[in-house]
Amino acid sequence: MDPKQHEKVAVGVSAVTIAINLALAGFKFLAGFLAHSGAMISDAVHSASDVLATLIVILGVKLAGRDADRDHPYGHERLECIAALVLGVILAATGLGIGASGIRKIAGEGALVVPGALALAAAVVSIVVKEAMFWYTWLAAKKIHSSALKAEAWHHRSDALSSVGSFAGILGARLGFPALDPVASVVICLFILKAAWD
């Protein structure tokens, strides 16, 4: 595929995902705050990190599309792989932060609160939206053979999986086990770390 066309597709997909992630992160944060759900707030932070990750993907694709020069006689294609690696590190750092927060709550730092129904609804919306974003990005990545977009797609899938963890934790807390909300944060951490490794 022509490098300019490659860049155009990757940047177009990334722009769409930035807009959706900003809206979704805001919605999840508001739902988590209003419904008193640490798991949903953790999930919102994960979605917000997607915006930074997508900007890294755009930068990697744009740099990789530059022509060969004296210092890079074979071109700049490897910069897209570097963007994918940076994305993995950001995912891992996000996951560790979310896990640490959940562990602190489980250990007794702060009172355990039963989250409201709004958090449960936000988890369902997030699962559906993020899984759709995974497929949208994955299909574009396969079409243009972009490792950075594939990493971005896995980032969306990790968000969908973390929302499944949020849903389970929030539901468990609402059924009388309030410790399951912070436990869900720790489970989300593990999903995010797995996605970062992938």
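Note: the structure precedes this text.
In this text the structure is predicted, and so the values were computed from the model without any measurement.

Conventions we followed
Residues numbered from 1 in each chain as written. Predicted model: local features only at pLDDT ≥ 70, side-chain atom pairs only at ≥ 80, totals over all residues. Heavy atoms only, no water. Helix = DSSP H or I, 4+ residues; strand = E, 2+ residues; numbered from the N terminus. Expected span 1.5 Å × (residues − 1). Buried < 20%, exposed > 50% of the residue type's maximum accessible area, 1.4 Å probe, protein only. Arc of directions from axis to C-beta. Core = buried A, V, L, I, M, F, W, Y, C linked by side-chain atoms within 4.5 Å. Salt bridge = Lys/Arg side-chain N within 4 Å of Asp/Glu carboxyl O. Contact = heavy atoms within 4.5 Å. Phe/Tyr/Trp six-rings, centres within 6.5 Å; stacked < 30°, edge-to-face > 60°.

All right, on to helix H6 (residues 180-197) then. Helix length check: H6, at 18 residues, gives a terminal C-alpha distance of 26 Å against a target of 26 Å (1.5 Å per residue), a fit within 8%. Three or more residues of H6 are buried, namely Asp181, Pro182, Ala184, Ser185, Ile188, Cys189, Ile192, Ala195 and Ala196. Along the long axis of H6, the arc covered by the buried residues comes to 155°, so they all point the same way. In H6, the exposed positions angled more than 90 degrees off the buried face are occupied by Leu190 and Trp197.

If you look at the biggest cluster of nonpolar residues, it comprises 13 residues, and the most contacted ones within it are Val9, Val13, Val57, Leu87, Ala140, Ile144 and Leu149. Elements represented by at least two residues in this core include exactly helix H1 (3-34), helix H2 (38-64), helix H3 (78-106), helix H4 (117-144) and helix H5 (147-174). Ala31, Met40, Ala119 and Ala184 belong to the second-largest nonpolar core, a separate cluster that totals ten residues.

Scanning all chains against the criterion turns up one salt bridge. In this structure, arginine 157 engages glutamate 131 in a salt bridge whose closest nitrogen and oxygen atoms are separated by 2.7 Å. Placement of arginine 157 in helix H5 and of glutamate 131 in helix H4 is noted, with a sequence separation of 26 residues between them. Note on glutamate 131: relative accessible area 25%, which makes it partly exposed.

Looking at where threonine 137 falls in the secondary structure, it is placed in helix H4. Classification of threonine 137 by relative accessible area gives buried; the value is 0%. If sequence neighbours within four positions are ignored, threonine 137 has contacts with Val13, Thr17, Leu149, Glu152, Ala153 and His156.

One pass over the structure, following the stated rule, counts four aromatic pairs. Residues phenylalanine 134 and tryptophan 135 carry aromatic rings whose centres are separated by 5.1 Å and whose planes lie at 80° to one another, so their mutual orientation is edge-to-face. Note on phenylalanine 134 and tryptophan 138: the rings are 5.8 Å apart at their centroids and 15° apart in plane angle, and the pair reads as stacked. Note that phenylalanine 134 and tryptophan 138 are positioned in helix H4 at a spacing of four residues, about one turn of the helix. One exposure class covers both phenylalanine 134 and tryptophan 138, and it is buried. Aromatic ring contacts, followed pair by pair, group Phe134, Trp135, Trp138 and Trp154 into a single cluster.

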